Structure formats: structure tokens, C-alpha cells
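One letter stands for each residue in the lines below.
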Amino acid sequence: MAGGLVERVRAVRYRVARVSALPLLVRGGIFLVVFAGFLLAYPVQMLAPRSLLALAVAAVLPAVAPRRLWPTFAALVTVGGWLLATLGYDRPPALWRLLAVATLLYLAHTLCALAALLPYDGLIDPDLVLRWLARAGGVVLASAVLGIVLAWLGGLGGTDGTQAATVVGLLVAVGLSALLGWLLRRR
């Protein structure tokens, strides 16, 4: 029994010694992006030392295991913090904060996808990560511009335009969900 434990410890030490810098940096980026999303989403009143420790642990989980359910868990914790701040603490939803939280959620998602693909002990070309981040930056920029334009257009219609925009948005969401479901069944 002791021999098996010693062998496992050696295997872990061997794996840790083989970790290369770039996959480690990507995972560190996941932690930073997720933790920044938590700090932006949650109300300041809730950021006590004990809750900051819990949020830090929740931010470490997707960085350690990006192929598991932890990225989804971190996104749900972020959205829960946003809802708690806007509904529970009556913080008005500012456009800049909404765009920042959405950007951080997307960056966390895409960095987790990248980390899931990168071998922890591989020699990776830095251009691969830079192209990945440039593509993610383009998506973030396009989404932010579109979001600002749509928010501006939503303000033009008064209260009547808000209800119509909500119905159209729900129809588009249902239509896209049906299309994705149909495409998955087609396989």
C-alpha cells in the first residue's frame, strides 16, 4: 500500500515538473478573468474577506479543470451575483458594467476552451494564443458595439418599444434554440 502511494506521489511530481509556461499562463488568465467578473458582478456590500475567499476558490476551479463543469459553475455564480446586485441590492444596471461582465464571461468561456485544448506539457507557439485572443477581442468588440447601438435604439422607442423589443428578442432566442436543436438532431 505504501509503495502505491509513493508511486502516485512520484507521478504527480513528474507531471508538475513537465508543466510548460504557456498553458500555465492561460490558466492564470482564466482565474484573473473569472475573479474580475465576480468582483464586477457582486455588490460591494457582499465583498467581505470570507466571501472573497469563497469567490477566489470558485475562480480557481475553472482554471484547474476547464474540461469539467466548473466553467459553467463560475458563469452561473457570476450571473447570480449580477442578479443579486440588481434585484437584491437595487443597484441600477449600468451599461458599462453589463458590457464588462458580459465581456469577462465570454473571455472566461473562450480561455477555458483554449485551456481544454492545450496539453499541459506541450510546447505551444505563442502565436496560437495571440490569434485566439485576437479573435476573441474581435468578438468582444463587435458585441459591445452592437449592444451599445441596440441599447441606444431601445431608448428611442419609449416604453412601447421596450415591450416590442422584448417579444422580438424572445422570438429570436426561441428560433435560434430550435435551429440548434434541429442541427444537433440532424447529426
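Structural notes, computed from the coordinates. Keep in mind the model is a prediction, meaning the values are calculated, not measured.

Regarding the packing of helix H4 (residues 70-88) against helix H5 (residues 95-117)
- Contact geometry of H4 with H5 gives a least axis separation of 10 Å together with a crossing angle of 175°. Judged by the inter-axis angle, H4 sits roughly antiparallel to H5. For the pair H4 and H5, the contacting residues are Pro71, Ala75, Thr78, Val79 and Trp82 in the first and Arg97, Leu98, Val101, Leu105 and Cys112 in the second.
- Across the contact of H4 with H5, the residue classes break down as 8 nonpolar, 1 polar and 1 charged.

Looking at a nonpolar patch on the surface
- On the surface, Leu141, Val145, Leu146, Val149, Leu150, Trp152 and Leu153 cluster together to form a nonpolar patch covering roughly 710 Å² of accessible area.
- Among the secondary structure elements, Leu146 is positioned in helix H6 (residues 126-156).

Quick word on helix H3 (residues 49-64)
- Over its 16 residues, H3 extends 22 Å from the first C-alpha to the last, a length consistent with the 22 Å expected when each residue adds 1.5 Å.
- Within H3 the residues assigned to the buried category are Leu55, Ala58, Ala59, Pro62 and Ala63. Looking straight down H3, one finds its buried side chains confined to an arc of 145°; they lie on one side. In this structure, H3 carries Pro49, Arg50, Leu53 and Val64 as exposed residues pointing more than 90 degrees from its buried face.
- Buried-residue contacts for H3 involve helix H2 (21-41), H4 and H5.

Calculation notes
- Every chain is numbered independently, its residues counted from 1 as its sequence is written.
- Selection of residues for local features in this predicted model requires a pLDDT of at least 70, selection of side-chain atom pairs for listing and counting requires 80 or more, and totals for whole chains, interfaces and linings are taken over all residues.
- Side-chain calculation: all heavy atoms of the structure are included, whereas hydrogens and water are not.
- Axes here mean lines fitted to C-alpha atoms, for a helix over just the part in contact, with angles spanning 0 to 180 degrees between N-to-C directions.
- Helix numbering and strand numbering both begin at the N terminus, where a helix is a DSSP run of H or I of at least 4 residues and a strand a DSSP run of E of at least 2.
- Throughout this description, any angle smaller than 35 degrees is read as roughly parallel, any larger than 145 degrees as roughly antiparallel, any in the 65 to 115 degree range as roughly perpendicular, and the remainder as oblique.
- Residue contacts follow a heavy-atom distance rule, with two residues in contact if any of their heavy atoms lie within 4.5 Å.
- Residue polarity follows a fixed list, in which Ala, Val, Leu, Ile, Met, Phe, Trp, Tyr, Cys and Pro are nonpolar, Asp, Glu, Lys and Arg are charged, and the others, Gly among them, are polar.
- Residues forming no salt bridge and having over 30% relative accessible area are the ones grouped into patches, like charges within 9 Å of each other and nonpolar side chains (Val, Leu, Ile, Met, Phe, Trp, Tyr) within 5 Å.
- We get accessible surface area from the Shrake-Rupley algorithm with a probe of 1.4 Å; when it comes to residues, only the shown protein chains can shield them.
- Here, a salt bridge means any Lys or Arg side-chain nitrogen found within 4 Å of an Asp or Glu carboxyl oxygen.
- Every helix has an expected span of 1.5 Å times one less than the residues it contains.
- Partly exposed describes any residue whose relative accessible area lies between the buried limit of under 20% and the exposed limit of over 50%, with all areas from a 1.4 Å probe on protein chains only and scaled to the type maximum.
- What the arc describes is the spread of directions from the helix axis to the C-beta atoms.

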